[in-house]
Amino acid sequence: MKLFDVYPLYDVTPVSAKGIVVTDDKGQEYLDFYGGHAVISIGHAHPHYVKRLKDQLDKIGFYSNAVQNPLQVTLATKLGELSGCEDYNLFLCNSGAEANENALKMASFQTGKSRIIAFKNGFHGRTSAAVAATDNVAINAPLNKQQKVTILPLNDIDSFKTEVEKGDVCGVIIEAIQGVGGLDEPTTEFYQKIAELCKKNSVVLIADEVQSGFGRSGKFFGFQQHISTTLNASLDTERSRSIRPDIISIAKGMGNGFPVGGVLIHKSIEAKYGLLGTTFGGNHLACVATMAVLEVLEKDNLIANAAALGDYFNKKAAEIPQVKRVKGRGLMLGLEFGFEVSELRKKLIYNQKLFTGGAKDKHVLRILPALNITKAHIDIFFNALKAEL
């Protein structure tokens, strides 16, 4: 049997990794500034993470959700505390696509309606409703296109208001920072206004934090970048405080490589037996992997580190004339060039031994390293980039 050939592959075969260093089958070391699509949040093989998983595996790795699993309760409590989202309930699943699929399903259950509003260049996964809400016709099969989805320009409040007031919308799904699309963001004013209009029209607001969550943006969740915390802020304080999505989807950096996802559902949405379900979601190993990530984020103050290094990255990028602009926040970053970056990515891998990422916007080089990198790592990256440019 052969593999179903759907991935264009670089000629690199990693066999081990530690921290930000990935080693291939020939003993060559690479610095990982991509983290496998923003998955590696606390570094490869972090000793606390490894120990937690090994210790749990010696006890029990899996049983179904038909029995008690206190680890899920512990995880929900810890996640609520660190994220500031204690007034949500947690449903655990396996991936970002599954998280968004369940989020969209809950929006439809809650409202009794079926149309979704999503945004241009958004990416929400490859399952049925999630991919229908993704702005990429190439990955939408005829089956997916049966879904009722309206894709609008980001930051166009007039078109949004027109659509959301038609009365048939169940949910609005939005990324705080577009990952696959190329690091574009809603403005604070736009995020505030859509939150306000969703509440006014009884529409469920879904914050897709699959990539921007768990500290990557410099806040625990990306949407929190748009919340004013000071009375003297120039923003409308009351409106900015009102940005509380009804549902928040999470995955990627949540498990540092272990397949885990989740949906935070506001307590105002009632749970019923059988409403959602999963075989593997919330298993013992998944819970411990996520707890280990939260523990390291807290102990090592990695969210603040992401914010500080994002600022440092911007300063270093300003020294390079070929960089048109820096996109994103924290350690969810993109460098925009006046040329397509595919060849540059190859040169960085094969010549400089650095992993980086691409985007739907082919002029953007994506940088998504572990949140515990240092200024020295960023210096190495920019020296390598200068050499290839």
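Structure first, text after, so check above.
Residues numbered from 1 in each chain as written. Predicted model: local features only at pLDDT ≥ 70, side-chain atom pairs only at ≥ 80, totals over all residues. Heavy atoms only, no water.

Enquirer: Account for the overall build of the chain, naming residues and giving values.
Expert: Of the regular secondary structure elements, the chain holds twelve helices and 14 strands. Here the C-alpha atoms of the chain give a radius of gyration of 21 Å, agreeing with the 21 Å that 2.2 N^0.38 yields for 389 residues. Each principal axis of the C-alpha atoms in the chain carries an extent, and together these give about 55 × 55 × 50 Å. Burial analysis of the chain (389 residues in total) assigns 52% to the buried set. In the chain, the share of contacts with a sequence separation of at least 24, taken over all contacts with a separation of at least 6, comes to 73%. If you sum the accessible surface of the chain, you get close to 18000 Å²; carbon and sulfur atoms cover 53% of it. (Helix = DSSP H or I, 4+ residues; strand = E, 2+ residues; numbered from the N terminus. Rg over C-alpha atoms; globule rule 2.2 N^0.38 Å. Buried < 20%, exposed > 50% of the residue type's maximum accessible area, 1.4 Å probe, protein only. Contact = heavy atoms within 4.5 Å. Areas by Shrake-Rupley, 256 points an atom, 1.4 Å probe, with all protein chains shown as cover.)

Enquirer: Talk me through the nonpolar core; I want residue IDs and the actual numbers.
Expert: In this structure, Phe160, Leu335, Leu365, Phe381 and Leu385 are the most contacted members of the largest nonpolar core, which totals 74 residues. Top element by residues in this core is helix α9 (residues 284-299). It accounts for ten residues. Among all residues touching Leu335, those that are not within four sequence positions of it are Phe313, Ala317, Val323, Arg325, Val326, His363, Val364, Leu365, Phe381, Phe382 and Leu385. Ranked by size, the runner-up nonpolar core spans 21 residues in total, among them Phe91, Ile116, Ile265 and Ile269. (Core = buried A, V, L, I, M, F, W, Y, C linked by side-chain atoms within 4.5 Å.)

Enquirer: I'd love a proper account of the sheet that holds strand β5 (residues 115-119), names of residues and values included.
Expert: One open sheet holds the seven strands; their spatial order is β4-β10-β9-β8-β7-β5-β6, and the pairing between them is mixed. Each of the sheet's edge strands pairs with one partner strand only, and the pair in question is β4 (88-93) and β6 (149-152). Adjacent strand axes in the sheet meet at a mean angle of 20 degrees when their direction is disregarded. Where β4 lies against strand β10 (residues 261-266), six bridges are found, and the strand directions are antiparallel. By the bridge assignment for β10, Phe91 is matched with Val263. (Pairing = 2+ DSSP bridges. Axes fitted to C-alpha atoms, helices over the stretch in contact; angles between N-to-C directions.)

Enquirer: Give a description of the environment of Ile247 that names residues and reports values.
Expert: In this fold, Ile247 is placed in strand β9 (residues 247-250). Along the primary structure Ile247 and Phe62 are separated by 185 residues, whereas in three dimensions their C-alpha atoms are 27 Å apart.

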